[in-house]
Amino acid sequence: HRPPRLKLFSCWTFCMRFATRSLLFLLAQQSSSRFWANSLHQASFAAALSPNASSFLSRQRHRQQQPPQQQQQTNSQRAYSQSTILNSERNNNMSDEVAKAQAAKDDGEPTVFDKILSKEWDSTQVWDDDKCYAFKDIAPQAPFHAVLIPKNRDGLTQLYKAREDQKDILGHLMYVASQIGKEHCPDGFRIVVNDGKEGAQSVYHLHLHVLGGRQLNWPPG
């Protein structure tokens, strides 16, 4: 026969083992229930999505399982692809402008800018004073893109045709362009003047482009 203390110790040990195993069993059951609930929720969510979205989730899981170096390469490829698309769109717009410039003529006739100045055509005003007017370009090449024109063309169809007595208006245009850029593009901007056919000038009324809001490339093209 075992002593009473040994019997008590054995009984206590048995109870502790039983309680520990029961607790572990309950924890395992709870963890398993959560796992299956999450799996069913994800499956229901994926089934409710379109095939493209479901495929997107699969790609996201696959991307999370990729090594960091491979993920970095994939991100770089995606960024390059997006940049290529944007550059392609800009090149297409530029090709359109070049085609317009090839067809445009400096014949002294009224231009689209005259219609804007006369309010015949609507525009989004950026600057207005007694000498010049600036408005947002309808085909912007940057997040901010304004066109600045003198109100009185006075033969100033191209920059190279500027007369000595027009120095004041030329200086005023540059000053206003700087103020527009300072207000709308505090991190930097570019002022562009297209002159003549090879300069891609499509409207023969001297005008300055003020572009900014993103990192501009160099050379411009």
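Before going into details, it helps to say that this report is about the structure given with it. Position numbers for residues start from 1 in each chain and track the written sequence from start to end. Where local features are concerned, this predicted model is filtered to residues with pLDDT of at least 70; where side-chain atom pairs are given and counted, the filter is 80 or more; whole-chain, interface and lining totals use all residues. Neither water nor hydrogens contribute to the side-chain values; these are computed over all heavy atoms in the structure.

**Side note on helix α5 (residues 167-184)**
Strands here are runs of E lasting at least two residues and helices are runs of H or I lasting at least four, both read from the DSSP assignment and numbered beginning at the N terminus. Helix span, expected: 1.5 Å multiplied by one less than the number of residues in the helix. Taking 1.5 Å as the rise per residue, α5 with 18 residues should run 26 Å; its terminal C-alpha atoms sit 26 Å apart, in good agreement. What α5 keeps buried is the set Ile169, His172, Leu173, Val176, Ala177, Ile180 and Gly181. Each residue's exposure class comes from its accessible area (1.4 Å probe, protein chains only) as a fraction of the maximum for that residue type: buried when under 20%, exposed when over 50%, partly exposed otherwise.

**Here's the deal with the pattern of salt bridges**
Salt bridges are defined as contacts in which a side-chain nitrogen from Lys or Arg sits within 4 Å of a carboxyl oxygen from Asp or Glu. Under the definition given, this model contains 5 salt bridges. Its salt-bridge partner being Lys161, residue Asp106 comes within 2.4 Å of it at the nearest N-O pair. Here Asp106, found in the loop between α3 (68-103) and α4 (112-117), pairs with Lys161, found in the loop between β3 (144-150) and α5; they are 55 residues apart in sequence, far enough to count as distant. Taking the relative accessible area as the measure of exposure, Asp106 reaches 28% and is therefore partly exposed. We note a salt bridge from Asp165 to Arg163, for which the minimum N-O separation is 3.0 Å. A relative accessible area of 56% means that Asp165 is categorised as exposed. Connected through salt bridges with shared partners, the residues Asp154, Arg163 and Asp165 form a single ionic network.

Functional significance is not addressed by these values, which are geometric in nature.
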